[in-house]
Amino acid sequence: MNTTAEESTIVDTHEFGFATRSVHAGARPDPTTGARATPIFQTSSYVFEDPESAAAYFNLQEYGNTYSRIMNPTVAALEERLANLEGGIGSVAFASGLAAQSSALFTLLQPGDHIVASAALYGGTVTQLKHLSRKLSFGIDFVDPDDLDAWGRAATPETKLFFGETIGNPSGNILDIESIARIAHAAECPLLVDNTFATPYLCRPIEWGADIVVHSTTKFIGGHGTSIGGAVVDSGDFDWSNGRFPVVADASPAYHGLAFHDTFGSYGYLMKLRTETLRDLGAAMSPFNAFLFLQGVETLPLRMDRHVDNAYRVAEWLKTRGDVSRVRHPALNANYRELVQKYLPKGAGAVFCFDLKGGREAGQAMIRKVQLFSHLANVGDAKSLIIHPASTTHRQLSDSELEAAGIGPGTIRLSIGIEDANDLIWDLQQAMSQ
Ligand SMILES: *Cc1c(COP(=O)(O)O)cnc(C)c1O
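As the structure is a computational prediction, the values presented were derived from the model and not from experiment. Residue positions are given per chain, counting from 1 as you read along its sequence in written order. A pLDDT threshold of at least 70 governs which residues receive local features in this predicted model, and a stricter bar of 80 or more applies before side-chain atom pairs are shown or counted, although totals over entire chains, interfaces and linings include all residues. Water and hydrogen atoms play no part in the side-chain values, which are based on all heavy atoms of the structure.

Moving on, we come to the site of the ligand. Near the ligand there are 15 residues, and of these Gly97, Asp194, Ser216, Thr218 and Lys219 occur at the shortest range. Note that an oxygen atom of the ligand is positioned 2.9 Å from one of the backbone N or O atoms of Leu98. Areas reported as accessible are Shrake-Rupley estimates using a 1.4 Å probe. Residue values count occlusion only from the protein chains shown. In isolation the ligand exposes 380 Å². Once the protein is present, 93% of that is buried. By the criteria applied, helices consist of DSSP H or I runs no shorter than four residues and strands consist of E runs no shorter than two, each listed in order from the N terminus. Top contributing element to the shell around the ligand by residue count: helix α5 (residues 97–108), with 3 residues. Proximity is defined per residue: any heavy atom of the residue falling within 4 Å of a molecule or strand makes that residue near it. Two N or O atoms form a polar contact when they lie within 3.5 Å of each other; inside protein one atom must be a possible hydrogen donor and the other a possible acceptor, and for residues adjacent in sequence the pair counts only when both atoms belong to side chains.

The next point concerns the packing of aromatic side chains. Pairing of aromatic rings covers Phe, Tyr and Trp, the last counted by its six-membered ring, and requires centre-to-centre distances within 6.5 Å; plane angles under 30 degrees mean stacked, over 60 mean edge-to-face, and any other angle means tilted. Throughout the structure, instances matching the rule amount to 11 aromatic pairs. Relative to Phe260, the ring of Tyr255 lies with its centre 5.8 Å away and its plane at 80°, an arrangement referred to as edge-to-face. The exposure classification of Tyr255 matches that of Phe260, with both residues buried. Ring pairing ties together the aromatic residues Phe238, Trp240, Phe245 and Tyr269, which thus form one cluster. Geometrically, a lysine NZ or arginine CZ counts as sitting over a ring once it is within 6 Å of the ring centre and also within 35 degrees of the ring normal. Positioned over the ring face of Tyr122 is Lys219, at 4.9 Å from the centre of the ring. In this structure, Lys346 packs its charged tip against the face of Tyr201, placed 4.4 Å from the ring centre. Buried, partly exposed and exposed residues are distinguished by accessible area as a fraction of the type maximum, computed with a 1.4 Å probe on protein chains only: under 20%, between the cut-offs, and over 50%, respectively.

Per the domain assignment, the segments making up the protein chain are domain 1 (18–296) and domain 2 (301–432). For the domains described, the bounds stem from an automatic or database domain assignment. For domain 1 and domain 2, the distance between their C-alpha centroids amounts to 29 Å. Taken together, the contact pairs 32 residues of domain 1 with 32 residues of domain 2. Take the accessible area each of two parts loses on contact, using a 1.4 Å probe, and add the two losses: that sum is the buried area. Taken together, both faces of the contact between domain 1 and domain 2 bury some 2700 Å²; the carbon and sulfur share is 63%. Residue contacts follow a heavy-atom distance rule, with two residues in contact if any of their heavy atoms lie within 4.5 Å.

Shown next as structure tokens:
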């Protein structure tokens with residue numbers, strides 16, 4: 001495009017808004033074919049021009065496509081878009097949210113290390129952290145996420161990571177990201193935030209001091225319940241050469257002595273995450289799934305506004321019901337009012353729990369009668385979803401163990417979709433009538 005110097009200055013200084021970046025960041029028409037949509041580069045490998053350039057790629061002296069376990073152009077478009085939306089310097093996509101988390105941890109932890117994690121995490125994450133900590137010999141302390149002093153008290157000289165969720169499960173705790181980032185940094189540790197429930201449209205943890213953001217793109221990023229995927233986004237701000245992270249900063253035996261932090265500066269952690277952890281553990285996102293996530297993320301801002309609005313209407317309606325003892329939507333919880341205003345001014349997400357006075361029996365009866373809500377174990381779909389944790393995901397627990405996990409026998413979890421709010425309320429009402 002021909003532009004005068006003046007015009008190009010305007011282009012250079014223009015900052016695109018979130019909705020524009022949701023559609024365009026990381027992708028442009030394919031230079032070879034002119035294809036406007038990002039093509040699915042369904043290829044395992046890439047032809048090298050000559051032996052020298054192949055060697056340079058394998059030495060990490062030049063950055064280029066070698067093999068789709070490590071990088072792929074369709075996946076790269078998604079990675080760049082997610083990094084852009086979160087305000088990070090880059091990201092690496094994975095086959096699932098849990099693969100993203102385990103890879104993020106694997107890259108920076110060594111046996112004997114320790115992490116401090118919120119006790120109000122997604123159930124699959126709690127199981128993963130407990131299991132990995134035994135397998136890989138790192139220590140873990142779970143703390144009440146609302147108790148700031150507890151985060152600091154739990155840190156030991158071995159602590160290498162603080163871990164929380166923007167919006168926690170099942171009570172809808174809102175993480176005080178800025179304060180916890182300050183505590184983590186005082187302990188010379190990065191703060192990792194799982195931003196799955198909020199999405200970068202509602203909250204960008206990096207702007208509040210988080211160092212690493214992880215996503216299950218399976219949920220709102222994709223939005224249609226069609227694919228499993230995950231991503232790690234790096235702020236690029238954490239100083240891995242502070243002497244406490246030799247695993248990132250020192251010469252790597254897996255890359256004939258390459259020192260990732262020295263060589264790649266702020267990209268050291270991401271490069272290690274991709275070229276060692278993704279290479280070795282191999283949980284790569286498929287190009288087809290990346291394509292579906294790219295379709296989904298284009299409408300993220302539109303969908304999230306609708307999810308949030310619908311969820312709020314359903315929660316307000318539930319509050320008027322005599323057979324409901326408690327509605328645990330963060331926007332209706334006075335304890336979180338300031339945190340919601342600060343971190344989630346556009347809304348506190350669309351996943352929340354409420355409690356039926358009738359306990360386990362009432363919960364099961366309701367699940368049997370819903371027509372529009374789908375009874376399944378997922379969240380963040382365009383379709384509204386419902387589950388009764390006491391008879392499914394937390395079935396093995398006794399009533400007292402349920403209580404400790406913040407789940408009552410009559411607790412119902414909803415993930416509110418983008419249908420008409422009146423229809424959702426109609427469905428819940430008919431399902432609750434005995
Ligand atoms: C679903 C979910 C995960 C795990 O992601 P998968 O894609 O299912 O592996 C992690 N954290 C949160 C908050 C989730 O909702």
